[in-house]
Amino acid sequence: MEAGVGRNRTIITEFILLGLTENVGLQSILFGVFFFAYVATVGGNLSIISAIFVEPKLHTPMYYFLRILSLLDIGCITVTVPPMLACLVAHQCRVPYAACLSQLFFFHLLAGVDCHLLTAMAYDRYLAICQPLTYSTRMNREVQVALVGICCTVSFINALTHTVAVSVLDFCGPNIINNFYCDLPPLFQLSCSSIYLNGQLLFVGATFMGVIPMILISVSYAHVTAAVLRIRSAEGRKKAFSTCGSHLTVVCFFYGTGFFSYMRLDSIAASNKDKGIAVFNTVLNPMLNPVIYSLRNPDVQGALKKVLTGKRS
């Protein structure tokens, strides 16, 4: 910390992240665990991207969105885990103020695109199952690119708004964050100025990034469920539900941990439970997505075998 000009207070120039534990022995174990998780996540998502690229049967809108989702998962875990690994090696974690805000911006940018991309994927399933005759024209490549562009634009505005709003807060000390990465709730707790506007912005952001997408996803799947139940063939119903089950599982994990993380601003201090939710949100979700999408999908499994064995279609 250093003294601010013309003020009788100190201005924070860096934050100290406590990480998951201060036990040096456990830090070595955690380094191995999270290094493996990072390599598995990047490798798994790159495998999904490669499988979609090499398998012509997967050149469809649903798998175009899944390929973007895999890229986002790699980005999300790269924003948080490598800096944490560096801190575990150094046994301390001092993060410059600017680096903390940069991590905050990129995490919310990537996670925000994730939110809206899951909504676009639900809309894709709605068109494919409820409007099959017009699906190819209503979900052509131009529409796909436009949907991804909208997701990126909305998320960029949201992430930039929160980052700028945090940058104008005063941080007078203490400067200790009880977490392993910089995020909004712990920064709000450290601010010595009013966070009323930030709370209102977070509420608005949660509405556009969480509530509205969840409503759209729910409406889409309500129509999908009604359409699938009208299918007379049990095999047809099973096939239709199998294409939606993986997506719904990812939605539940992603939004469940997200709402828990950002709807509890009244808590005074971060607890170990909050750290556990943060690990699930930033590490386990990206790592599990390739498994979830390939577990009951024979097309993806076949494409992955081709990638791993070096065979071409």
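Residues numbered from 1 in each chain as written. Predicted model: local features only at pLDDT ≥ 70, side-chain atom pairs only at ≥ 80, totals over all residues. Heavy atoms only, no water.

The protein goes by Olfactory receptor in an unreviewed UniProt entry, where it is assigned to Octodon degus. Database annotation for the protein, UniProt heading Subcellular location (unreviewed entry): "Cell membrane". Quoted verbatim from the Sequence similarities (unreviewed entry) heading of the UniProt record, the comment on the protein is "Belongs to the G-protein coupled receptor 1 family." (UniProt positions renumbered as here; feature names shortened; annotations may be inferred.)

(A) Up close: the side chain of serine 220. Along the chain, serine 220 falls in helix H7 (residues 196-229). Of note is the side chain of serine 220, whose polar atom sits 2.9 Å from the backbone oxygen of leucine 216. Once residues within four sequence positions are removed from consideration, serine 220 is found in contact with Ala122, Tyr123 and Tyr126. (Helix = DSSP H or I, 4+ residues; strand = E, 2+ residues; numbered from the N terminus. Polar contact = N/O pair within 3.5 Å; in protein donor to acceptor, adjacent residues only side chain to side chain. Contact = heavy atoms within 4.5 Å.)

(B) Representation of the packing of aromatic side chains in the model. Counted by the stated rule, this structure contains 12 aromatic pairs. An angle of 65° between the planes, with centres 5.6 Å apart, marks the rings of phenylalanine 253 and phenylalanine 280 as edge-to-face. Within this pair, whereas phenylalanine 253 is found in helix H8 (residues 234-262), its partner phenylalanine 280 is found in helix H9 (residues 272-295), the two being separated by 27 residues in sequence. What makes phenylalanine 253 partly exposed here is its relative accessible area of 32%. Residue class for phenylalanine 280 comes out partly exposed when judged on its relative accessible area of 24%. An angle of 80° between the planes, with centres 5.6 Å apart, marks the rings of phenylalanine 254 and tyrosine 255 as edge-to-face. (Phe/Tyr/Trp six-rings, centres within 6.5 Å; stacked < 30°, edge-to-face > 60°. Buried < 20%, exposed > 50% of the residue type's maximum accessible area, 1.4 Å probe, protein only.)

(C) Inspection of the state of the cysteines at higher detail. Scanning all chains against the criterion turns up three disulfides. Note that cysteine 172 is cross-linked by a disulfide to cysteine 192, the S-S spacing being 1.8 Å. Its S-S torsion of about 50° marks the bond between cysteine 172 and cysteine 192 as right-handed, since a negative value means left-handed. Taken as a pair, cysteine 172 in the loop between helix H5 (141-167) and strand S5 (176-177) and cysteine 192 in the loop between helix H6 (184-190) and H7 lie far apart in primary sequence, 20 residues in all. Left unpaired, cysteine 115 is separated from the closest cysteine sulfur, that of cysteine 76, by 9.3 Å. Summary of cysteine pairing: cysteine 151 is not part of a disulfide, and the nearest cysteine sulfur, belonging to cysteine 152, is at 6.7 Å. The exposure class assigned to cysteine 151 is buried, which follows from its relative accessible area of 5%. (Disulfide = S-S within 2.5 Å.)

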